[in-house]
Amino acid sequence: MPIVLYNSLTRKKEEFVPLVPGRVHIYVCGPTVYSHAHIGHAKSYLSFDMIVRYFRYRGYKVKYVQNITDVGHLTDDADEGEDKILKKAREEKLDPMEIAEYFAWSYFDDMQKLGVLRANIFPRATGHIVEQIDLIQRLLVKGYAYEVNGNIYYDVSRFAGYGKLSGRKVEELDAGARVEINPEKRHPADFALWKKAEPQHLMRWNSPWGEGYPGWHIECSAMSMKYLGETFDIHGGGLDNIFPHHECEIAQSEAASGKPFVRYWLHNNMVTVNGSKMSKSTGNFITIKDALQQFNTPTLRYFIFSSHYRSRLDFSNEALQAARVGLDKLLLTIKNVKKKIDPAGQIKNFHSPFDPSGFRKQFEEMMDDDFNTPRALAVLFELSGEVNSYLNSGLSLHQPFLQTIDQLLRDTAGQVLGLIPEDLLASAEAGRKGDIEKIVQVVIDIRKKLRDHKQYQLADQVRSDLGKVGITLVDKPEGTTFEYQSE
RNA sequence: GGCGCCGUACCCAAGUGGCUAAGGGAGAGGUCUGCAAAACCUCCAUUCGACGGUUCGAAUCCGCCCGGCGCCUCCA
């Protein structure tokens, strides 16, 4: 079965056919590193993490490139105003590179905590000034760009395809434009490829047109083509980057190379807080660090995957709490399977109570359909119900069957969705024999004596006191076990 | 002003022309249990913002209206 994905360029679902069989070349717009990442970034990078993980699960060799924008964009409009990184640098009285470096590491740190697998290459804009200048020169030579006073602008009217991604027409762009007309531009929709550095501008590089710095679209064209080729499979990013950023990338890249730039454009939708979009510029945002204070990584991942990547998602404490409870139910099944694998034996004439491979097929079917994680999760919950039924059925458990289920859950919930915490992925009994476990076992043994003597009041107090320190006792006919409560 | 999206049970959220409208949370009853928790079983939208229309058949297509939102400016 092929993977089908929604291509923003054609506005419909298309079968994914890689340029090179078995390989996926993907570029995702990374962050501008001038502040801590927020949960909107989390949705975006978690979505593409899931997509990349799924391609790998399906056997593709993925080359994943994500840029780090350390030049900074401009504060007010496309071509005027102050660079955000520079602004921060001035405020903090630091070198702009210190700002970029600090927040780049903050970003990497957040992503690691969210279980986002690293991209294969993280090119930085400041490390690719040469490539950007080269690309601008190609555009100048081909007549797609022009110079005015050390500034280079892209001539939108020369590129017939401008607007094909965002559905905009060049003629309509200036009507109702909120940007003041820049007299240097031939057309209001023209955009800067290179800006002359004013004397007070801190980040500056030599170029054939004097000292300056690159415009904010050119880095992605230069770096994606450098590492993935002039035509590559997938370009991803947030919906809010379609215009102007991605539209401009297409214009720059296709004008320079004369070839199609990207075959499939994927865009994730936004996170809202209290119904309105969260963004750095409005101050209406929750950082990933804040979110991680309250909720653990699997909960945040589960929450984000419980809606489709192309759907908007409203962040609220209630929704997160519901996510946590739901996820715990799924994780409990995974735990219970693990616990019972070792003691289980081989059953002669074993009749499978359900077909695990059917669940794997359904999971893949949902993921193949434009990465429909909400439906994929529904499949896992149905599987969980079947597994729990079997574990509780009182039948003797068949070890190979449990191993098949364990592997299925590891592949789907674990490898693809990244919902299984590290300690659960470890072997069933590993980490369970620590001192705390031994002590709790002693308490359980004493409590059993209390219960044998019908001293229930005291027995209940032991259970509730342990509950207060995060340990839940579970009484079963065959004895008492315990669980650590999730955060 | 232009382009576009969304409105599905108490909450979150799939489904986009045809089996009984997924799944999770919350809620109700039951099994088990000294009690509790978990798990399991059962129940929980004749209905998909409103109104028209197309169709043998629509939550799904079309029109209009109401409500919410995104992009057009840096943004994931």
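Residues numbered from 1 in each chain as written. Chains lettered and ligands numbered in written order. Predicted model: local features only at pLDDT ≥ 70, side-chain atom pairs only at ≥ 80, totals over all residues. Heavy atoms only, no water.

### Structural notes on the overall build of chain A
Looking only at helices and strands, chain A has 16 helices and 15 strands in total. The C-alpha extent of chain A, read off along each of the three principal axes, is 95 × 50 × 35 Å. For chain A, the proportion of its 487 residues judged to be buried stands at 52%. Taking contacts inside chain A between residues at least 6 apart in sequence as the whole, the part at least 24 apart equals 74%. With an accessible surface of roughly 22,700 Å², chain A has 51% of that area assigned to carbon and sulfur atoms. In chain A, 61 positive and 64 negative side-chain charges are present, and the distance between their average locations comes to 5 Å. (Helix = DSSP H or I, 4+ residues; strand = E, 2+ residues; numbered from the N terminus. Buried < 20%, exposed > 50% of the residue type's maximum accessible area, 1.4 Å probe, protein only. Contact = heavy atoms within 4.5 Å. Areas by Shrake-Rupley, 256 points an atom, 1.4 Å probe, with all protein chains shown as cover. Lys, Arg positive; Asp, Glu negative; His and termini not counted. Charge placed at Lys NZ, Arg CZ, Asp CG, Glu CD.)

### Some remarks on the nonpolar core
Grouped together as the largest cluster of nonpolar side chains are 89 residues, with contacts concentrated most on F16, I26, F55, I234, L266, F371 and L417. It is helix 1 (residues 39-57) that contributes the most residues to this core, 11 residues altogether. When residues are assigned to domains, this core turns out to be shared by domain 1 (4-141 + 156-166 + 215-268) and domain 2 (330-425), each giving three or more. C29, L165, A255 and V262 belong to the second largest nonpolar core, which has 38 residues in total. (Core = buried A, V, L, I, M, F, W, Y, C linked by side-chain atoms within 4.5 Å. Domains from an automatic or database assignment.)

### Describing the pattern of salt bridges
Note on pairing: side chains with opposite charge can pair once their charged atoms come close. The final tally for this structure, using the stated rule, is 26 salt bridges. Residue D368 is joined to R58 by a salt bridge in which the shortest nitrogen-to-oxygen separation is 3.0 Å. Pair noted here: D368 is in helix 11 (residues 356-368) and R58 is in the loop between helix 1 and strand 4 (61-66), with a separation of 310 residues, a long-range link. Overall, the relative accessible area of 25% leaves R58 in the partly exposed class. What you see here is one network of salt bridges that share partners, running through R447, R451, D460, R463 and D475. (Salt bridge = Lys/Arg side-chain N within 4 Å of Asp/Glu carboxyl O.)

### Some thoughts on the environment of D233
As for its position among the elements, D233 is in strand 9 (residues 232-238). D233 gets classed as buried once you look at its relative accessible area, which sits at 2%. For the pair D233 and I218, spaced 15 residues apart in sequence, the C-alpha separation works out to 19 Å. Setting aside chain neighbours within four positions, we find D233 in contact with F16, V17, P18, L19, R23, V24, H25, V262, R263 and Y264.

### Brief notes about the domain arrangement of chain A
For chain A, the domain assignment lists domain 1 (4-141 + 156-166 + 215-268), domain 2 (330-425) and domain 3 (435-484). The centre of domain 2, based on its C-alpha atoms, is set 29 Å off from the matching centre of domain 3.

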